Amino acid sequence: MDANAPILFFDSGVGGLSVLKPTRALLPNAPIIYAADSAGFPYGKRSEAEIASRVPALLGRLVERFHPRLAVIACNTASTIALEHVRSALDLPVVGTVPAIKPAAEMSKSRVIGVLGTEATVRQPYVDDLAAKFAADCTIIRHGSPELLELAEAKLGGEDVGAEAVRAAAQPMFDAPGGERIDTVVLACTHFPLLDQELRVAFPQVSYVHGGDGIARRIAHLTRDQAWPSAPSEGLMLFTSTTRAPSLTALAHFGIGEIRTL
């Protein structure tokens, strides 16, 4: 394995930064390519058929260009719909992102769990399967919130995002029948951990869980014993359009030092 072969992160926008951050903590010298399909954003409003064809095609182009050692689909919507298509198309390890229902069920005392994601993710049979396997004794209340997705993008774009806007976007989940008993919320969109502080102010009575740390550990495991550069390098962030790129100042916290458009 070439020490300079990067890890490729892929998302529709900036949400995958919540997966990149814990990965950086475990693998500080890993070269990083982060691709955001801003031209396709938001995936939650696109059809399953479109995502299942678009994501493998884009990742195929990126793999040909950058020759990564591993690809990470740091997007719950793309993973729940297109992960197997991508694995069939690419000849390298591919790590997906799935809703953290298992750890939520292990945490919940009330046995009522909220699943907060995109509209596409929360309706996927994959969520039903996870709930049946790991949370059969729990009530699962789902809410798809495109507003939260936009708020996370706005925050990384330098805009001031307050807890009131976050509360308004997520409140329908708690207003659903039985929602007042939710004690654990699965952040089933990688964008939403970027709003962790605002969510905790808006709904302090619940615990939040997402898959970022577990995905980082999986990446570290799959790349164990592989060579890395001797020092950290600045990551490259790619966008498929020029409409949604955040500032380098906001991205520096995640080790991103350069932005380009595909």
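Everything quoted here is computed from the prediction, not taken from an experiment.

Quick word on the overall build of the protein
Of regular secondary structure, the protein possesses 11 helices and 10 strands. Relative to its length of 262 residues, the protein is compact, with a C-alpha radius of gyration of 18 Å against a globular reference of 18 Å. C-alpha extents for the protein along the principal axes are approximately 50 × 40 × 35 Å. A total of 262 residues make up the protein; the buried ones form 56% of that total.

With respect to helix α10 (residues 212-222)
One full turn of an α-helix is made of 3.6 residues, so residues set three or four places apart face in the same direction. All of the buried residues in α10 are G212, I215, A216 and I219. The buried residues of α10 occupy an angular sector of 100° when projected down its axis, which confines them to one face.

Examining the sheet that holds strand β7 (residues 184-188)
The parallel open sheet is built from 4 strands, whose spatial order is β6-β5-β7-β8. Both edges of this open sheet fall to β6 (139-144) and β8 (207-209), since each of them pairs with a single strand only. Here the strands of the sheet are splayed against their neighbours by 25° on average, with no regard to which way each runs.

Regarding the sheet that holds strand β1 (residues 7-11)
Ordered by their spatial adjacency, 6 strands build an open sheet running β4-β3-β1-β2-β9-β10, and the pairing between neighbours is parallel. At either margin of the open sheet sits one strand with a lone partner, and together these are β4 (94-95) and β10 (256-261).

A closer look at the pattern of salt bridges
Tallying each qualifying case throughout the model produces 11 salt bridges. Ionic pairing is found between R46 and E50, a salt bridge with its closest N-O pair at 2.5 Å. R46 gets classed as partly exposed once you look at its relative accessible area, which sits at 22%. On the basis of relative accessibility, which here comes to 31%, the residue E50 falls in the partly exposed class. Salt-bridge contacts for D137 lead to R111; the nearest nitrogen and oxygen are separated by 3.0 Å. Of this pair, D137 sits in the loop between α6 (125-134) and β6 while R111 sits in the loop between α4 (101-107) and β5 (112-117); the two residues are 26 residues apart in sequence, bridging distant segments of the chain.

Focus on unusual backbone geometry
Between F41 and the following residue, P42, the backbone shows a cis peptide bond with an omega angle of 0°. For P42, the location among the structural elements is in the loop between β2 (32-36) and α2 (48-66). One non-glycine residue, H67, adopts positive backbone phi at about 50°. Structurally, H67 can be placed in the loop between α2 and β3 (70-73). You can call H67 exposed: its relative accessible area is 57%. At R111, a residue that is not glycine, the phi angle is positive and equals roughly 65°. Accessibility expressed as a relative area gives 22% for R111, which makes it partly exposed.

Quick word on the packing of α2 against helix α3 (residues 76-89)
Put simply, α2 and α3 touch, their axes get as near as 8 Å, and they point 60° apart. Between α2 and α3, the angle falls in the class oblique. Crossing of α2 over α3 shows right-handed handedness. Between α2 and α3, the contacting residues are E48, I51, A52, V55, P56 and L59 on the first element and T77, A78, I81, A82, H85 and V86 on the second. In terms of residue class, the contact of α2 with α3 is built from 9 nonpolar, 2 polar and 1 charged.

Here's the deal with the pairing of β5
Summarising burial for β5: 6 of the 6 residues are buried, a large majority. On β5, burial covers both faces: V112, G114 and L116 on one face and I113, V115 and G117 on the other are all buried. Taken together, the 6 bridges between β5 and β6 define a ladder with parallel strand orientation. By the bridge assignment, I113 is partnered in β6 with I140. The pairing of β5 with β7 spans 5 bridges and is classified as parallel. Counted as the bridge partner of V115 is V186 from β7.

Reading the values: rules and limits
- Sequence positions are assigned chain by chain, starting from 1 and proceeding in written order.
- Per-residue local features are limited, in this predicted model, to residues with pLDDT of at least 70; the limit for side-chain atom pairs, both in listing and counting, is 80 or more; totals at the level of whole chains, interfaces and linings are taken over all residues.
- Based on all heavy atoms of the structure, the side-chain values leave hydrogens and waters out of the count.
- Under the DSSP-based scheme used, a helix requires at least four consecutive residues in state H or I and a strand at least two consecutive residues in state E, with every element numbered from the N terminus.
- In this description the radius of gyration comes from C-alpha coordinates, and the expected globular size is given by 2.2 Å times residues to the power 0.38.
- For the exposure calls, accessible area comes from a 1.4 Å probe over protein chains only, and a residue counts as buried if that area is under 20% of its type's maximum, exposed if over 50%, partly exposed in between.
- Directions are taken from the helix axis to each C-beta atom, and the arc is the one they span.
- Paired strands, in this sense, are two strands between which DSSP finds at least two bridges.
- For every element, the axis is a line fit to its C-alpha atoms; helices are fit only across the contacting stretch, and the angle between N-to-C directions ranges from 0 to 180 degrees.
- Put simply, a salt bridge is a Lys or Arg side-chain nitrogen that is within 4 Å of an Asp or Glu carboxyl oxygen.
- In these notes the angle categories are as follows: under 35 degrees is roughly parallel, over 145 is roughly antiparallel, 65 to 115 is roughly perpendicular, and the rest is oblique.
- Two helices cross in a left-handed way if the nearer one is turned anticlockwise from the farther one by less than a right angle. They cross in a right-handed way if the turn is clockwise.
- Whether two residues touch is decided by their heavy atoms; if any such pair falls within 4.5 Å, the residues are in contact.
- Under this grouping Gly is polar, as are all residues other than the nonpolar Ala, Val, Leu, Ile, Met, Phe, Trp, Tyr, Cys and Pro and the charged Asp, Glu, Lys and Arg.

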